[in-house]
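Residue-level listing of the chains:
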Amino acid sequence: MSSTQHETRASITIPSTLHYRPLPAPLAQAIKHDAPSVIRIVDTPGSYPCRRCLQDGQVGDRMRLLSYDPWLGASPYRQPGPIFVHEEPICRKAEFPVHSTLPEQQRKRELSIRAFDREHMMVAFDTIQGEKLVSRVEEIFEQAGGAEYVHVHYAGPGCFAVRIDRA
Ligand SMILES: [Zn+2]
């Protein structure tokens, strides 16, 4: 099993064919919204994944848990969901220039992926291990008719992780 473990640890490059978009809708809007949010102090490493910097909170970090709507268009599938973000101003929004690597935060988690067309209708979905994210999304863009973007969630708790568009 050592080769599998090695493969799991190896970094995965995000290809230029994918446009990686953390927090696609403005976060400020979500924070202003009436939905309740709470502050949590990280007590366990690897348990509070920040969606702004895409790093897990370190023990002692202050994290805000809030309801966030990542949608950029009207859809019957549209729904907000819970996310953690570091309280300002600890972190900055992660950026993904060419040859960026898949964040460990996503690589190590089980992910639910849903692909939508330009009318915001779902055309494909899957549940995968994080290290398969890039290859599976590329596959969906090649195979699923009309897939324009993918919403990625953490499969267990159902938190929004990232949006990936066709570049
Ligand atoms: Zn952060």
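For every chain, the first residue of its written sequence is number 1, and the numbers climb from 1 along that sequence. Only residues with pLDDT of 70 or above have their local features reported here, since the model is predicted, and side-chain atom pairs are shown and tallied only from 80 upward, although totals for entire chains, interfaces and linings are computed over all residues. Note: side-chain values were computed over all heavy atoms of the structure, leaving out hydrogens and water.

Comments concerning the overall build of the protein chain
(1) Moving on: Numbering of helices and strands runs from the N terminus; a helix is a DSSP stretch of H or I covering at least four residues, while a strand is a stretch of E covering at least two. What the protein chain contains, in helices and strands, is 4 helices and 8 strands.
(2) Moving on: Counting from the amino terminus, helix and strand elements in the protein chain follow one another as α-β-α-β-β-β-α-β-β-α-β-β.
(3) Moving on: Atoms counted for the radius of gyration: C-alpha only. Globule rule: 2.2 Å times the number of residues to the power 0.38. Relative to the compact-globule value of 15 Å for 167 residues, the protein chain shows a C-alpha radius of gyration of 16 Å, a close match.
(4) Moving on: Once the C-alpha set of the protein chain is aligned to its principal axes, its extents read approximately 45 × 40 × 30 Å.
(5) Moving on: Residue exposure (1.4 Å probe, protein chains only): buried if accessible area is under 20% of the type maximum, exposed if over 50%, otherwise partly exposed. Evaluated residue by residue, the protein chain yields a buried proportion of 44% over its 167 residues.
(6) Moving on: In the protein chain, once contacts between residues fewer than 6 apart in sequence are set aside, the share between residues at least 24 apart is 64%.
(7) Moving on: Just so you have it, the protein chain exposes about 9200 Å², and 49% of that area is on carbon and sulfur atoms.
(8) Moving on: Charged side chains in the protein chain number 20 positive and 20 negative. The centres of these two groups are separated by 4 Å. Contacts: residue pairs with any heavy atoms within 4.5 Å of one another. Exposure was quantified through the Shrake-Rupley algorithm and a 1.4 Å probe, taking into account, for residues, occlusion by the shown protein chains and nothing else. Lys and Arg are tallied as positive, Asp and Glu as negative. Neither His nor the chain termini are counted. For charged residues, the charge sits on one atom: NZ in Lys, CZ in Arg, CG in Asp, CD in Glu.

Description of the coordination of the zinc ion
(1) Moving on: Each metal's donors are the N, O and S atoms within 2.8 Å of it, or within 3.2 Å when it is Na, K or Ca, and because water is not part of the set, sites may look incomplete. At the metal site, the zinc ion is ligated by Cys50 (SG), Cys53 (SG), His86 (ND1) and Cys91 (SG), and these contacts range over 2.0 to 2.3 Å.
(2) Moving on: Just to be clear on the cut-offs, tetrahedral is four donors with all angles between 85 and 135 degrees, square planar is four donors and octahedral six with opposite donors over 155 degrees apart and all others between 65 and 115, and anything else goes down as irregular. In this structure, the zinc ion is coordinated by 4 donor atoms arranged in tetrahedral fashion, with angles at the metal of 104 to 114 degrees.
(3) Moving on: The motif formed by the donor residues of the zinc ion, counted along the single chain, is C-x2-C-x32-H-x4-C. Cys53 shares its class with Cys50; the two are buried.

Let's talk about the packing of aromatic side chains
(1) Moving on: Stacked, tilted and edge-to-face are the three classes applied to pairs of Phe, Tyr and Trp rings, where Trp contributes its six-membered ring and a pair requires centres within 6.5 Å; stacked means planes under 30 degrees apart, edge-to-face means over 60, and tilted covers the rest. Inspection of every chain in the model, using the stated rule, returns 7 aromatic pairs.
(2) Moving on: An angle of 80 degrees between the planes, with centres 6.4 Å apart, marks the rings of Trp71 and Tyr149 as edge-to-face. Separated by 78 residues along the polypeptide, Trp71 in the loop between strand 3 (62–68) and strand 4 (81–86) and Tyr149 in strand 7 (residues 149–154) bring together distant segments of the chain.
(3) Moving on: For Tyr149, a relative accessible area of 3% translates into the label buried.
(4) Moving on: An aromatic cluster is present here, built from Trp71, Tyr77, Phe116 and Tyr149 joined pairwise through their rings.
(5) Moving on: In our convention, an over-ring charge means Lys NZ or Arg CZ found within 6 Å of a ring centre and within 35 degrees of that ring's normal. The ring of Tyr154 carries Arg109 above its face, with NZ or CZ at 5.3 Å from the centroid.

As for the pattern of salt bridges
(1) Moving on: A pair is scored as a salt bridge if a Lys or Arg side-chain nitrogen falls within 4 Å of a carboxyl oxygen belonging to Asp or Glu. Within this structure, the stated rule accounts for 9 salt bridges.
(2) Moving on: Asp56 is the salt-bridge partner of Arg109, the closest N and O atoms lying 3.3 Å from each other. Of this pair, Arg109 sits in the loop between helix 3 (104–107) and strand 5 (110–116) while Asp56 sits in the loop between strand 2 (38–41) and strand 3, and the two are 53 residues apart along the sequence.
(3) Moving on: Notably, a salt bridge pairs Arg136 with Asp126, separated by 2.5 Å at the nearest N-O pair. In this pair, Arg136 sits in helix 4 (residues 133–143) while Asp126 sits in strand 6 (residues 122–129), placing the two residues 10 residues apart along the sequence.
(4) Moving on: Owing to a relative accessible area of 24%, Asp126 belongs among the partly exposed residues under this scheme.
(5) Moving on: Connected through shared salt-bridge partners, Arg21, Arg163 and Asp165 make up one network.

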